[in-house]
Amino acid sequence: MFCATDGDVSEAISAARRFGLAAVARSGGHCFAGTSSTAGMVIDVTPMRSVEVAGGVATIGAGARLGAVYEALDEEGLTIPAGCGPDVGIAGLTLGGGLGILGRRYGLTCDGLLAARVVLADGRVIECDGDHASDLFWALRGAGTGTFGVVTSLSFRAVTAPAAAAFHLAWPYDHAGRVVRAWQEWAPTAPDELAASLLITAKGTGAPVVNVFGAWHGGEGDAQELLGALVTAAGTDPMSVSIQAMTYRQAKCYLAELGDQMAGTGERGEEGHSFGKSEFFCGPLPDDAVTGLVAGLGRDRPAGQARELDFTPWDGAYNRVAAGATAFPHRDALFLLKQSVTVSPGAPAGEVAAARGWLDGSWAAVHPWGSGGVYPNFPDPDLEDPGRAYYLGNYDRLREVKARYDPGGFFRDLGR
Ligand SMILES: Cc1cc2nc3c(=O)[nH]c(=O)nc-3n(C[C@H](O)[C@H](O)[C@H](O)COP(=O)(O)OP(=O)(O)OC[C@H]3O[C@@H](n4cnc5c(N)ncnc54)[C@H](O)[C@@H]3O)c2cc1C
């Protein structure tokens with residue numbers, strides 16, 4: 001049911017209850033694990049997508065998509081720290097954390113959240129912030145994806161949209177080990193204004209490619225110097241280099257397009273079905289683990305199977321928030337590694353099983369060095385103890401908040 005007001009959401013919840021249907025909230029519909037889909041009632045907040053700015057606060061309808069949010073804020077010279085995919089929903093992204101190119105400088109999207117409006121399972125509408133229903137406000141910031149109620153509005157502290165230098169460097173596969181070793185010492189400890197991801201892609205019949213890409217929030221000259229330090233540390237020249245000064249808005253568009261090109265899929269992944277696993281790492285991977293990880297990416301890969309190792313730098317402002325200050329607990333990591341595999345639509349069961357076998361093996365190969373923590377916005381339906389993996393030491397407190405605001409368990413269980 002498409003909902004344009006809080007009242008519509010209350011009615012949808014009441015109808016689902018009356019007919020004994022399961023109900024899930026949907027904003028952008030981009031959940032990797034399909035948790036915004038159900039055979040019961042989908043409460044779709046897409047019609048609530050206004051973006052209003054006053055006094056440095058952006059109040060955004062829960063159905064807004066990131067591209068539209070950036071576009072509206074850019075007219076005021078403002079932005080919020082959040083992800084790149086223009087079709088991703090502001091609600092799902094924020095309620096599960098929200099990483100992006102301003103994250104090392106300003107923190108997660110949920111760290112900039114000032115207030116939210118939520119429709120609870122009993123139909124009540126609650127405004128929550130640091131002073132009102134503060135337990136719910138705490139829980140929403142990292143564990144709010146569909147578990148406590150349907151969020152209809154989110155208010156954020158807006159920040160000035162900075163000038164940017166967007167960059168993309170690429171190396172051949174046989175230099176992957178050197179680049180990974182250098183990147184993991186360099187990217188997480190660089191100035192907070194640098195967001196440099198490392199993505200190794202293996203697709204089609206070609207050899208895998210090693211990409212370092214992202215943005216520096218400052219001048220092109222400084223970006224060149226910083227990236228030069230990575231190249232020196234890796235001891236290998238890239239086969240291609242692009243560093244371009246642009247506005248922040250242009251940088252977001254450039255990176256969204258680049259992301260699609262590198263993955264070889266459209267933003268909705270029409271060209272295949274993907275499986276992914278992620279984990280945070282609090283220290284660099286040892287040399288042998290790096291060697292094994294990058295060798296495994298290319299080993300015995302059928303041409304129809306695409307594989308990715310996607311490293312996101314952490315630390316900076318992400319880690320300047322205490323682990324218990326919000327529900328999002330991953331505040332001591334150096335980087336996040338997401339591994340994924342994609343098979344063609346309609347691939348036979350054997351191909352799917354082989355792809356998932358690669359993913360499980362590659363994840364297990366580096367898991368001994370991982371924190372055990374998993375990013376809630378990259379959900380993994382196969383986790384043995386998802387609540388602990390997503391919420392670590394905050395899990396027990398979250399269960400108490402869940403019991404307080406959704407005592408009948410009408411909405412999705414934590415971590416499921
Ligand atoms: C192409 C692509 C790019 C991405 N880029 C980034 C990135 O740069 N940074 C990052 O951090 N993540 C990124 N992600 C992951 C993204 O944050 C998650 O997939 C997120 O859950 C998507 O939110 P959504 O609103 O689009 O999805 P949905 O599927 O609508 O929702 C996701 C979850 O949130 C719940 N939910 C949705 N709306 C509400 C609501 N109003 N109230 C309560 N619960 C709600 C749903 O029930 C579901 O459990 C990306 C994903 C994709 C597919």
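Because the structure is predicted, anything quoted here is derived from the model rather than measured. The numbers attached to residues start from 1 for each chain and follow its sequence in the written order. Owing to the predicted nature of the model, reporting of local features is limited to residues with pLDDT of at least 70; listing and counting of side-chain atom pairs is limited to 80 or more, with chain, interface and lining totals taken over all residues. Values shown for side chains rest on all heavy atoms present in the structure; no hydrogens or waters enter the calculation.

## Re the overall build of the chain
Strands are runs of DSSP state E lasting at least 2 residues, helices are runs of H or I lasting at least 4, and numbering of each runs from the N terminus. When you go through the chain residue by residue, the secondary structure sums to 12 helices and 16 strands. For the chain, whose C-alpha radius of gyration is 21 Å, the value lies close to the compact-globule estimate of 22 Å for 416 residues. In terms of its C-alpha atoms, the chain occupies a principal-axis envelope of roughly 60 × 50 × 35 Å. Burial classes: relative accessible area under 20% of the type maximum marks a residue as buried, over 50% as exposed, and values in between as partly exposed (1.4 Å probe, protein chains only). Looking at the chain as a whole, 55% of its 416 residues qualify as buried. Accessible surface is estimated by sampling points in the Shrake-Rupley manner with a 1.4 Å probe; for residues, cover comes only from the protein chains shown. Total accessible area computed for the chain in this model is approximately 16200 Å², and 52% of it derives from carbon and sulfur atoms. Note that His is not counted, nor are the chain ends; the positive residues are Lys and Arg, and the negative ones are Asp and Glu. By convention, the charge on Lys lies at NZ, on Arg at CZ, on Asp at CG and on Glu at CD. Charge-centre separation for the chain: the mean point of 32 positive side chains lies 5 Å from the mean point of 47 negative side chains. For the radius of gyration, the atoms used are the C-alpha atoms, and the globule rule reads 2.2 Å times the number of residues raised to 0.38.

## A word on the packing of helix α6 (residues 176-186) against helix α9 (residues 287-298)
Interaxial distance between α6 and α9 falls to 9 Å at its minimum, and their mutual angle equals 130 degrees. Judged by the angle between their axes, α6 and α9 are oblique. The element α6 and its partner α9 pack so that their crossing is right-handed. Counting all contacts with α6, which are made through Ala 176, Gly 177, Val 180, Arg 181 and Gln 184, the residues of α9 involved are Asp 287, Val 290, Thr 291 and Val 294. When residues are grouped by polarity, Ala, Val, Leu, Ile, Met, Phe, Trp, Tyr, Cys and Pro land in nonpolar, Asp, Glu, Lys and Arg in charged, and all others, Gly among them, in polar. Taken together, the residues that form the contact of α6 with α9 break down as 4 nonpolar, 3 polar and 2 charged. Angular values range over 0 to 180 degrees, each being the angle between N-to-C directions of two axes fitted as lines to C-alpha atoms, with helices fitted over their stretch in contact. In what follows, roughly perpendicular refers to angles from 65 to 115 degrees, roughly parallel to angles under 35, roughly antiparallel to angles over 145, and oblique to any angle outside these ranges. Two helices cross in a left-handed way if the nearer one is turned anticlockwise from the farther one by less than a right angle. They cross in a right-handed way if the turn is clockwise. Residue contacts are counted whenever heavy atoms from the two residues lie within 4.5 Å of one another.

## Some words on the sheet that holds strand β12 (residues 209-216)
The criterion for strand pairing is that DSSP finds at least two bridges linking the strands in question. The 7 strands are arranged β13-β10-β12-β11-β15-β16-β14 in an open sheet whose pairing can be described as antiparallel. The two strands at the open ends of the sheet, each matched to only one other strand, are β13 (240-246) and β14 (273-281). Each neighbouring strand pair of the sheet contributes to a mean axis angle of 15 degrees, computed without reference to strand direction. Where strand β10 (residues 164-172) lies against β13, 7 bridges are found, and the strand directions are antiparallel. Paired with His 168 across the two strands is Ser 242, which belongs to β13. Against the sheet, helix α8 (residues 248-263) engages β10, β11 (194-202), β12, β13 and β15 (306-313), with an angle of about 20 degrees to β10. Contacts between helix α10 (residues 349-366) and the sheet are confined to β14, β15 and β16 (335-343), with β16 contributing the most and set at about 165 degrees to the helix.

## A word on the domain arrangement of the chain
Residue ranges assigned to each domain were obtained from an automatic or database domain assignment. Domain annotation of the chain identifies domain 1 (6-160) and domain 2 (164-388). Summarising the inter-unit geometry, the C-alpha centres of domain 1 and domain 2 are found 26 Å apart. Opposite the 40 residues of domain 1 that make contact, domain 2 presents 41 residues. In this assembly, domain 1 packs against domain 2 so that about 3100 Å² is buried in total across both faces, 58% of it on carbon and sulfur atoms. Salt bridges are defined by distance alone: a side-chain nitrogen of Lys or Arg within 4 Å of a carboxyl oxygen of Asp or Glu. In this structure, the connection of domain 1 to domain 2 is made through 2 salt bridges. Residue Arg 249 is joined to Glu 71 by a salt bridge in which the shortest nitrogen-to-oxygen separation is 3.0 Å. Pairing of N or O atoms within 3.5 Å defines a polar contact, subject to two protein rules: one partner must be a possible hydrogen donor and the other a possible acceptor, and residues neighboring in sequence count only if both atoms are side-chain atoms. For the pair domain 1 and domain 2, the interface holds 22 residue pairs in polar contact (both at pLDDT 80 or more). Counting only elements with at least two residues in the side of domain 1 that touches domain 2, the list comes to α2 (66-74), α3 (90-95), α4 (103-106) and α5 (134-143). If one sorts the elements of the side of domain 1 that touches domain 2 by residue count, α5 sits on top with 5 residues. Across the side of domain 1 that touches domain 2, the residue classes tally to 18 nonpolar, 14 polar and 8 charged. What counts as buried area is the accessible surface, traced by a 1.4 Å probe, that two parts surrender upon association, with contributions from both included.

## Some thoughts on the nonpolar core
Grouping buried Ala, Val, Leu, Ile, Met, Phe, Trp, Tyr and Cys residues that are joined through side-chain atoms within 4.5 Å yields what is termed a nonpolar core. Ranked by internal contacts, the top residues of the largest apolar core, which has 60 residues, are Ile 43, Leu 136, Leu 140, Phe 148, Leu 154 and Leu 398. Examining the composition of this core, we find that 6 residues originate from one element, α5, more than from any other. The residues contacting Leu 140, other than those within four sequence positions of it, are Leu 95, Ala 116, Val 118, Cys 128, Phe 148 and Val 151. Of all hydrophobic cores here, the second largest spans 47 residues; its members include Trp 183, Ala 234, Phe 275 and Ala 355.

## What about the side chain of Thr 201?
Looking at the secondary structure, you find Thr 201 in strand β11. Residue contacts for Thr 201: discarding those within four places in its chain leaves Pro 208, Val 209, Asn 211, Met 262, Arg 307 and Glu 308.

## Topic: the site of the ligand
Proximity criterion: a residue is near a molecule or strand once any of its heavy atoms comes within 4 Å of it. In the vicinity of the ligand, 32 residues are found, and the nearest of them are Ala 25, Gly 29, Thr 35, Ser 36 and Tyr 375. Contact between the ligand and Ala 25: an oxygen atom at 2.6 Å from a main-chain N or O atom of the residue. Between Val 151 and the ligand, the recorded distance is 2.8 Å, taken from a backbone N or O atom to a nitrogen atom. The fraction of the free accessible surface of the ligand (950 Å²) that becomes covered by protein chains is 92%. If you list the elements that add at least two residues to the shell around the ligand, you get β1 (23-26), α3 and β8 (150-157).

## A look at the sheet that holds strand β4 (residues 57-61)
Overall, antiparallel pairing links the 5 strands, which are arranged β3-β4-β8-β6-β7 in an open sheet. Among the strands making up the open sheet, the edge pair consists of β3 (51-54) and β7 (125-129). With strand direction ignored, the average angle separating the axes of adjacent strands in the sheet is 15 degrees. With 5 bridges connecting them, β4 and β8 associate as antiparallel partners. In the strand pairing of β8, Ile 60 is matched with Leu 154.

## Re the side chain of Asp 135
Structurally, the position occupied by Asp 135 is in helix α5. Asp 135 gets classed as buried once you look at its relative accessible area, which sits at 18%.

## Here we look at the confidence of the model for the chain
On average, residues of the chain score 96 in pLDDT, and 98% of them are at 70 or above. For every residue, the predictor reports its confidence as pLDDT, a number between 0 and 100. Ignoring residues within four places in sequence, the model shows residues 266-270, a span with pLDDT below 50, making 12 contacts including any to other chains.

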